[in-house]
Amino acid sequence: MKVQSNSNNLIKYNTGFSAKTVSRPSFKGIQTLTHYNIGLMADGIIGKVKVAKKSGEEAYLDVMKVKCGSGDEIYQLRDMIGRIIGEIELRIKKAPPDYDRIAFPEDPSHVFVAELRNYSRKDTPYYKEGLEEYKDIGTRLLQIAQRRSDETMCGGNIKLISKNESKGFYEKLGFRREDCGPWGNSNKYYLPPDAKEPFSRRSGGL
């Protein structure tokens, strides 16, 4: 993925599927995140993502962006009356300038997922009473993380520490357990190179 800008602050974001030059989202009709550089957008509602209700009916949720003072980024999916359905907290982990790329050619830069929650699922500890259940919440939030990884020149790399009950979910999406040796954390997961493109397209992508 490539991000280009010019002196008029117009953004051309090539997702690998198509590209569109914009100055600011218009939000006329249903404005998804397909063609936009998420990192260059101001805090607030930045667009919508398509998900599905438990019944299978198609639905769109607003994406709320909040950048923290620490540099972390939070993205929330909200329903039409502003209730938070799911959220993700990201940390951009860039390799230091003095990183030895000759001895260690594989770039360790990645986006670390500090939190990922779906409040609409009754079978999770985060469920909030009264919310309608939606599908693809975790997938959409992780696709936002992948987009931010590409935008920040982290190569689409994502890492996280899974809870035991969530391992199957991440593995289904293509994540693999990171080899940390016999004394390492077996809950560390990453998105391998061969899974990046299929994951970006999963459920129609952003």
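Our subject is the structure listed above.
Source: prediction; values computed, not measured.

S.K.: Is there a simple way to think about the pattern of salt bridges in this case?
M.R.: Note that side chains of opposite charge can pair when their charged atoms are close. Enumeration according to the criterion identifies 15 salt bridges in this entry. Here Arg 148 makes a salt bridge to Glu 151, at a shortest N to O gap of 2.7 Å. Highlighted residues: Arg 148 and Glu 151, both in helix H1 (residues 137-151), separated by three residues, approximately one helical turn. Neither residue differs from the other here; Arg 148 and Glu 151 are each classed as buried. One salt bridge in this structure joins Arg 201 and Glu 197, with 2.8 Å as the shortest N-O distance. One end of the pair is Arg 201 and the other is Glu 197, both in helix H3 (residues 193-201) and four residues apart, which spans about a single turn. Glu 197 gets classed as partly exposed once you look at its relative accessible area, which sits at 42%. Through salt bridges with shared partners, a single ionic network connects Lys 53, Glu 57 and Glu 132.

S.K.: What's the story with the packing of H1 against H3 in this structure? I'm lost.
M.R.: For any two helices packed against each other, one specifies the crossing angle of their axes together with the interaxial distance. Contact geometry of H1 with H3 gives a least axis separation of 10 Å together with a crossing angle of 125 degrees. Taken together, the axes of H1 and H3 lie oblique to each other. In this structure, the crossing between H1 and H3 has a hand that is left-handed. Across the interface between the two elements, Thr 139, Leu 142, Gln 143 and Gln 146 from H1 touch Lys 196, Phe 199, Ser 200 and Arg 201 from H3.

S.K.: Would you mind going over the sheet that holds strand S11 (residues 176-177) with me for this structure?
M.R.: Strand order in the open sheet formed by nine strands is S9-S4-S5-S6-S7-S8-S10-S12-S11, and the pairing between neighbours is mixed. Here the strands that pair on one side only, and so sit at the sheet edges, are strand S9 (134-135) and S11. With six bridges joining them, strand S6 (residues 73-78) and strand S7 (residues 84-93) adopt antiparallel strand pairing. Along S7, the bridge assignment pairs Arg 78 with Ile 84. Along the sheet face, H1 touches strand S4 (44-53), strand S5 (58-67), S6, S7, strand S8 (110-118), S9 and strand S10 (158-161) and points at about 160 degrees away from the line of S8.

S.K.: Hey, could you run me through the pairing of S4 in this one?
M.R.: Walk down a regular strand and you will see the side chains alternate between the two sheet faces. Most of S4 sits out of view: seven of its 10 residues are buried. Relative to S5, S4 runs antiparallel, the two sharing eight bridges. In the sheet register, Ile 45 faces S5, and the bridge partner there is Met 64. Counting the residues in the hairpin turn of S4 and S5 gives four residues, including Gly 56, whose phi is positive at 100 degrees.

S.K.: Just checking my understanding: could you explain the environment of Leu 206 for this structure?
M.R.: Within the secondary structure, Leu 206 sits in the segment after H3. Separated by 172 residues in sequence, Leu 206 and Thr 34 have C-alpha atoms that sit 5.2 Å apart.

S.K.: Explain the nonpolar core to me, please; I cannot follow it from the model alone.
M.R.: Generally speaking, a soluble globular protein has its nonpolar side chains buried in company with each other. In terms of nonpolar packing, the biggest core is built from 37 residues, with Val 63, Tyr 75, Ile 88, Val 113, Ile 137, Leu 142 and Phe 175 touching the most fellow members. Going through the elements one at a time, S4, S5, S6, S7, S8, H1, S10 and H3 are the ones with two or more residues in this core. For this core, the element with the most residues is H1, which contributes five residues. The residues contacting Val 113, other than those within four sequence positions of it, are Ile 88, Glu 89, Leu 90, Leu 142, Ala 145, Ile 158, Lys 159 and Leu 160.

About the thresholds
Think of each chain on its own: its residues are numbered from 1, step by step along the sequence as written. In keeping with the predicted nature of the model, local features appear solely for residues at pLDDT of at least 70, side-chain atom pairs appear and are counted solely at 80 or more, and the whole-chain, interface and lining totals rest on all residues. By convention in this description, side-chain values take in all heavy atoms of the structure and omit both hydrogens and water. By salt bridge we mean one thing: a side-chain nitrogen of Lys or Arg within 4 Å of a carboxyl oxygen of Asp or Glu. Numbering of helices and strands runs from the N terminus, with a helix taken as a DSSP run of H or I at least four residues long and a strand as a DSSP run of E at least two residues long. Buried means the residue's accessible area, taken with a 1.4 Å probe over protein chains only, is under 20% of the maximum for its type, while exposed means over 50%, and partly exposed covers the values in between. A fitted line through C-alpha atoms serves as each axis, taken over the contacting stretch for helices, and the angle formed by two N-to-C directions is quoted from 0 to 180°. Angle categories are assigned with fixed cut-offs, so that under 35 degrees is roughly parallel, over 145 is roughly antiparallel, 65 to 115 is roughly perpendicular, and the rest are oblique. For a crossing to be left-handed, the near helix must be turned anticlockwise from the far one by less than a right angle; the clockwise case is right-handed. Throughout, a residue-residue contact means that at least one pair of heavy atoms, one from each residue, lies within 4.5 Å. By this definition, two strands are paired if DSSP reports at least two bridges between them. To define a nonpolar core, start from buried Ala, Val, Leu, Ile, Met, Phe, Trp, Tyr and Cys residues and group those joined through side-chain atoms within 4.5 Å.

Taken by themselves, the reported measurements are silent on function.
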